[in-house]
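# Report on the structure
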Amino acid sequence: MSPEANSAPRSLAESLRMRDDASLAALLRSRPDLITPVPTDLTQLATRAGTRASVLRALERLDRFALQTAEALAVAPDPASYGTLHGLMAGDTGDPAVAAALPRAVATLRERALVWGDEDRLRLVRTAQELLAPSAQHPSPTGLGPSVQEATSGMSPGRIQEIVACAGLPSTHDSVSAVAALTALFTDRRKMAKLLSQAPEASREVLSRLVWGPPYGQVTPDPAAHLRWLLDRGLLLPTAPGTVVLPREVALHLREGRAHREPEPRPPAVEPASTHGAQVVDATAAGQAYTALATVEELLKDWDEGGPAVLRAGGLSVRDLKRTAVALDVSEPVAAFWVELAYAAGLLASDGEADERYAATPAHDEWLELPPAERWARLAQAWLTATRTPGLIGGRDAKDRTLSALGPGLDRSAAPEVRRRVLTLLAQLPAGAAPAADAVLARLRWERPLRGPRPDGEEDLRSRLARWTLAEAELLGVTGRGALSAHGRALLGGAAAEQTAGGRQSAGPGDKLPVHHRPAAPAEPPTAAEQAVAAGAAARLLAPLLPEPLDHVLLQADLTAVAPGPLRRPLAETLGVLADVESKGGATVYRFTPASVRRALDAGRTAADLHAFLTAHSRTPVPQPLAYLIDDVARRHGHLRVGAASAYVRCDDDALLNEILADKRSAALRLRRLAPTVLATQADPAALLEGLRAMGYAPAAESAEGDVLIARAHAHRTPPRTAPEPVPDGPPPPDATLLSAAIRAIRAGDLAATAPRKATGTAPARGELPRTGPAETLATVQAAVLTGEALWIGYVNAEGSASQRVIAPIRVEGGFVTAYDHTADEVRTYPLHRITGVAELEE
């Protein structure tokens, strides 16, 4: 046997053993579940790489062409040569695009330990073979059926000989050789063409209906002549009573050797559907970013004194969500998005009280003090990394319970990856270019194709996440008019910028795909430091585009004030108390009413304060009707005083009290006179205040000392809360330090597991710990100290975990052995009573 044959790996473990550290690092980076926990050696790594759960996860992360390549290997002979695989993918006529992309696909399958072996002996991992190979219960995406050997496994030898004879083949002495002869006939293109040329037209039509799958059909106990012709020659084989199947070899001949009807070596291009000026896109996105800030501020201001109650099962009730949508003047799904965004950014949470309610967090007050661009960057970064998915709100969970805003069950671990990938695809287009949503979805489906059928009309989760991403990015101001803005591009950070510039992983030999056609390598999630840098860069680009806050309004004679742009916060807060918002948009319209003026007076302002405030902040003279309104409300404000008796009303003008008593509307308050200037009632002061105000009076509340109470809103805050942590999609990708340490530990453990031992009559089987008595262990270790030889030991640590190690003993004393541990690559001390046994290694 040649040296080359001896070097060929005989198992996945041997294949992994032949890899260098860079290749092992690539495997562990692409399949991080293999490193949790770190395997003890390469054999355990190979075993873990072949488990069903790990293989399923690896298959789900393949692009469409790599998955098609794996599916082709599942229907190919085992093992298969590269030439055989190329024939299955490109067909008899060949396909240059498939030929160019196939090396990359095979390299991807190798890197992820789904395929191993040399070019002439490619083997699919057994678990992947079981998952992808066609069966009656699990049809293959290739549409192929079982092979002739599989389909005839339960057939009688006599029937097999009849098929062989009818097909024009010489009879054989056993079924195995008969099946082999039939298989050879079906895989011979010239002989098959001659056989099918004799088939009736109706028979060829039956084959054409089955050729691309599903390969199964139904027949009656007495089939028609054209079906009998196919059955007699084995072109259709029975699998069950009344069911026949088209053998795989026959289907491949009819397909001209192709395993797939439409191989997809190239991803669908994401082309611009419309193009706008880059400045127009940035300005549009900046305007929406400002609206996003204003909406979140309005939401938290609305919940400033304590928001809606928390449902018993968690989350926001449908009624409270509707009220929030009305307050924000948006639809309910959009309101749910803003609520979830504020929650993801850590700006609101439940207060944890007995009567639990939602409220702003202390972080909200810190957020308000930031410059507008930095506030937006905080929101955008929270959206980009959050796993909570507002688009699911209103749907049903696995237990048929309604998913509510801020409630459980909204986390989808794929959401951050999909959001970042969608924005990266937008970043690969020229500035100002907006793609069609369907083109983005088609690209994502190629990069992560679905495995298994879905109900008709039901869209997969990744496609829905992508649609929601496009809509939410527009709402948030990351995109403008469907195109990625400059600050949105910066939000992706350096990795996306490299991809945008065309930095791609090589697609293998012969790859000539344009940049926008090449599949992107799986990007590692950015670190917290990288996210902070990206957010800072986005804020710097956005800041010049946001409108400068104004310090003035325009007062009008119809008791309204127009704010032609965003107002500075002190001005906006005071004006929000003094007037009611009538309309929003590019310019906000405020309306002054007796109730709004009284609200300002209740907050401790005097008429003189209000006149001075309006004069200082209006670019137009204060209209006379507005001045009269303030003076009129102030004149009557506090003329009546309400206190606690249960409640009382006092007034120096007894005629005014007589007027109140005579008013029929006061009957519900059940007032009675205690003195010429005092009325009393059993109602509480708040109800009395509301009742008198409803009658048109302007009473003021007073304290027990007779002072007027100032009615300022008391902000309600939760205790310090952290933003919700994203739910990871499996183990996090290992960093370089962890990878280096893990590979070193795996190789050291593999050295201990595979080191050749001296043959003895009691040598343990490979994989088992050596077992020797205490006396023999001590004697062997002491002898190794003198000779300097290495030993193979079994060791059980304090937690009871067993391992095997290769050590070079240095000294033995006090019941401990000090040795250089080749496994850990350091000097360690081991208690002798924890060593299960020792064995000498071959020189």
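Description of the structure in this document. What you are looking at is a predicted structure, and each value in this text was computed from that prediction instead of being measured. (Residues numbered from 1 in each chain as written. Predicted model: local features only at pLDDT ≥ 70, side-chain atom pairs only at ≥ 80, totals over all residues. Heavy atoms only, no water.)

### Here we look at helix 4 (residues 42-49)
Along helix 4, the residues that are buried comprise L42, L45, A46, R48 and A49. Here the buried residues of helix 4 occupy an arc of 165 degrees about the axis, which is enough to place them on one side. Residue D41 occupies the N-cap position of helix 4, its side-chain oxygen lying 3.1 Å from the main-chain nitrogen of T43. (Buried < 20%, exposed > 50% of the residue type's maximum accessible area, 1.4 Å probe, protein only. Helix = DSSP H or I, 4+ residues; strand = E, 2+ residues; numbered from the N terminus. Arc of directions from axis to C-beta. Polar contact = N/O pair within 3.5 Å; in protein donor to acceptor, adjacent residues only side chain to side chain.)

### Observations concerning the sheet that holds strand 21 (residues 791-796)
Within the open sheet, the five strands sit side by side as 24-23-22-21-25. Their pairing is antiparallel. The open sheet has two free edges, formed respectively by strand 24 (826-831) and strand 25 (835-840), since each of these has just one partner strand. In this sheet, neighbouring strand axes are inclined to one another by 45 degrees on average, regardless of whether the strands run parallel or antiparallel. One ladder, built from six bridges, connects strand 22 (residues 802-813) with strand 23 (residues 816-821); its direction is antiparallel. Looking at strand 23, one finds that A808 is bridged to Y820. Sitting on the sheet, helix 35 (residues 774-787) is in contact with strand 21, strand 22, strand 23 and strand 25, with an inclination near 65 degrees to strand 22. (Pairing = 2+ DSSP bridges. Axes fitted to C-alpha atoms, helices over the stretch in contact; angles between N-to-C directions. Contact = heavy atoms within 4.5 Å.)

### Some points on a negative patch on the surface
A contiguous patch of negative charge on the surface is contributed by D652, D653, D654 and E659. Its place among the elements puts D653 in the loop between strand 17 (647-650) and helix 32 (654-662). (Patch = residues over 30% accessible without salt bridge, like charges linked within 9 Å, V, L, I, M, F, W, Y side chains within 5 Å. Areas by Shrake-Rupley, 256 points an atom, 1.4 Å probe, with all protein chains shown as cover. Salt bridge = Lys/Arg side-chain N within 4 Å of Asp/Glu carboxyl O. Lys, Arg positive; Asp, Glu negative; His and termini not counted. Charge placed at Lys NZ, Arg CZ, Asp CG, Glu CD.)

### Regarding the sheet that holds strand 12 (residues 554-556)
Strands sit in the order 12-13-15-14 across an open sheet of four strands; the sheet is antiparallel. Only two strands of the sheet have a single neighbouring strand rather than two, namely strand 12 and strand 14 (580-583). Averaged over all pairs of adjacent strands, the angle between their axes in this sheet comes to 30 degrees, without regard to strand direction. Pairing between strand 13 (residues 560-563) and strand 15 (residues 588-591): four bridges, direction antiparallel. Following the sheet pairing, V562 is matched in strand 15 by V589.

### Concerning the pattern of salt bridges
Counted by the stated rule, this structure contains 32 salt bridges. Ionic pairing is found between R357 and D355, a salt bridge with its closest N-O pair at 4.0 Å. On the basis of relative accessible area, R357 is assigned to the partly exposed category, the value being 30%. Overall, D355 belongs to the exposed group, its relative accessible area being 54%. Residues R401 and D397 are paired through a salt bridge, measuring 3.0 Å at the closest nitrogen-oxygen approach. For R401, a relative accessible area of 48% corresponds to the partly exposed category.

### So, the packing of helix 23 (residues 437-447) against helix 24 (residues 461-476)
Two measures define how a pair of helices packs: the angle their axes make with one another and the distance between the axes. At a closest axis distance of 10 Å, the pairing of helix 23 and helix 24 adopts a crossing angle of 140 degrees. Viewed along their axes, helix 23 and helix 24 adopt a mutual orientation that is oblique. The two elements helix 23 and helix 24 cross, and the hand of that crossing is right-handed. Contacts from A437, D438, L441, L444 and R445 of helix 23 reach helix 24 at R462, S463, A466, R467 and L470. Taken together, the residues of the contact of helix 23 with helix 24 break down into five nonpolar, one polar and four charged. (Parallel < 35°, antiparallel > 145°, perpendicular 65-115°, else oblique. Left-handed = near helix turned anticlockwise from the far one by under 90°. Nonpolar A, V, L, I, M, F, W, Y, C, P; charged D, E, K, R; others polar.)

Purely geometric numbers; function is a separate question.
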